[in-house]
Amino acid sequence: MKHSHCIFELPHQIEAACAFYRLHDFVVLLNQAPENLDRAISRASLRASVKKFLAQACAVDNDKIHLHAEAGHVPYAQVEQQRICLSFSHDQSYAVAAIHRYQNIGIDLLATAIDFDWRDVARLYLSPADYQSIADLPDEQQAQRFVVCWAIQEA
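Now for a description of the structure that goes with this document. Bear in mind that the values here come from a model prediction, so they are computed numbers and not experimental data.

## A short note on the pattern of salt bridges
Here comes step 1: What the rule picks out here adds up to two salt bridges.
Here comes step 2: When the shortest N-O distance is used, the salt bridge between aspartate 25 and arginine 101 registers 2.9 Å. Placement of the pair is aspartate 25 in the loop between helix H1 (14-24) and strand S2 (26-32) and arginine 101 in the loop between strand S6 (94-100) and helix H3 (118-125), with a sequence separation of 76 residues.
Here comes step 3: Judged by its relative accessible area of 22%, aspartate 25 falls in the partly exposed class.

Structural data, given as structure tokens:
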């Protein structure tokens with residue numbers, strides 16, 4: 001299913017995002033701000049934006065929306081009696097949320113410049129097949145392959 005424009009920047013495009021969500025049952029929201037460089041601020045800002053968006057899109061009070069994002073579990077929003085699927089990702093000065101009214105959805109951002117030891121992350125979190133596909137490549141191609149595998153895993 002292709003959509004010409006499903007990514008909306010908040011808060012400027014909230015009306016358009018709500019209209020798109022009502023028609024297509026999903027949307028991707030983008031927060032971009034200098035304060036997003038701090039991960040804690042980025043997480044709180046994105047979640048507040050998602051709550052504000054859901055309140056407006058679903059025509060409910062903000063206090064009727066509860067976001068659930070426990071480690072190891074798929075995040076979701078409880079909006080009155082409806083469970084809405086969420087996915088969050090943060091990187092550098094961007095934070096995104098994918099929202100789907102009925103089914104699981106995934107999204108991930110990852111900078112192309114990797115400034116950490118990705119090998120330990122790959123060994124711990126990727127499947128043995130993915131890890132081996134990285135190890136089989138020449139050294140200069142391994143980091144880029146890790147980025148692809150990691151983005152798929154996170155989403």
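Moving on, there is more to tell.
## Thoughts on the nonpolar core
Here comes step 1: Val27, Val50, Phe53, Leu54 and Ile99 are the most contacted members of the largest nonpolar core, which totals 33 residues.
Here comes step 2: For this core, the elements supplying multiple residues, two or more each, are H1, S2, helix H2 (39-58), strand S4 (76-79), strand S5 (82-91) and S6.
Here comes step 3: A total of seven residues in this core trace back to one element, the largest contributor, which is H2.
Here comes step 4: The next biggest cluster of nonpolar side chains, apart from the first, holds seven residues, and it includes Trp118, Ala122, Phe146 and Trp150.

## Some details on the pairing of S4
Here comes step 1: Pairing of strand S3 (residues 65-68) with S4 involves four bridges; the strand directions are antiparallel. Residue pairing across strands places isoleucine 65 opposite valine 79, the latter belonging to S4.
Here comes step 2: Note: S4 against S5, four bridges, orientation antiparallel. Residue pairing for S5: glutamine 78 is matched across the bridge by arginine 83.
Here comes step 3: As consecutive antiparallel partners, S4 and S5 are separated by two residues, and within that stretch glutamate 80 has a phi angle of approximately 55 degrees, a positive value.

## Quick look at the side chain of asparagine 31
Here comes step 1: In this fold, asparagine 31 is placed in strand S2.
Here comes step 2: According to the relative accessible area criterion, asparagine 31 is buried, its value standing at 4%.

## Some points on the sheet that holds S4
Sheets are built from strands paired through backbone hydrogen bonds, the pairs being either parallel or antiparallel.
Here comes step 1: The mixed open sheet is built from six strands, whose spatial order is S1-S2-S6-S5-S4-S3. Taken across any chain shown, the strands that pair with only one partner, and hence form the sheet edges, are strand S1 (7-9) and S3. The average angle at which neighbouring strand axes cross in this sheet is 25 degrees, direction not considered.
Here comes step 2: As paired strands, S2 and S6 are joined by seven bridges and run antiparallel to one another. Pairing of valine 27 across the sheet is with isoleucine 99, part of S6.
Here comes step 3: The strands that H1 touches are S1, S2, S5 and S6; relative to S2, the one it contacts most, it runs at about 160 degrees.
Here comes step 4: Sheet strands touched by H2: S2, S3, S4, S5 and S6. Its angle to S5, the strand with the most contacts, is close to 145 degrees.

Criteria and thresholds
Residues numbered from 1 in each chain as written. Predicted model: local features only at pLDDT ≥ 70, side-chain atom pairs only at ≥ 80, totals over all residues. Heavy atoms only, no water. Salt bridge = Lys/Arg side-chain N within 4 Å of Asp/Glu carboxyl O. Helix = DSSP H or I, 4+ residues; strand = E, 2+ residues; numbered from the N terminus. Buried < 20%, exposed > 50% of the residue type's maximum accessible area, 1.4 Å probe, protein only. Core = buried A, V, L, I, M, F, W, Y, C linked by side-chain atoms within 4.5 Å. Pairing = 2+ DSSP bridges. Axes fitted to C-alpha atoms, helices over the stretch in contact; angles between N-to-C directions. Contact = heavy atoms within 4.5 Å.

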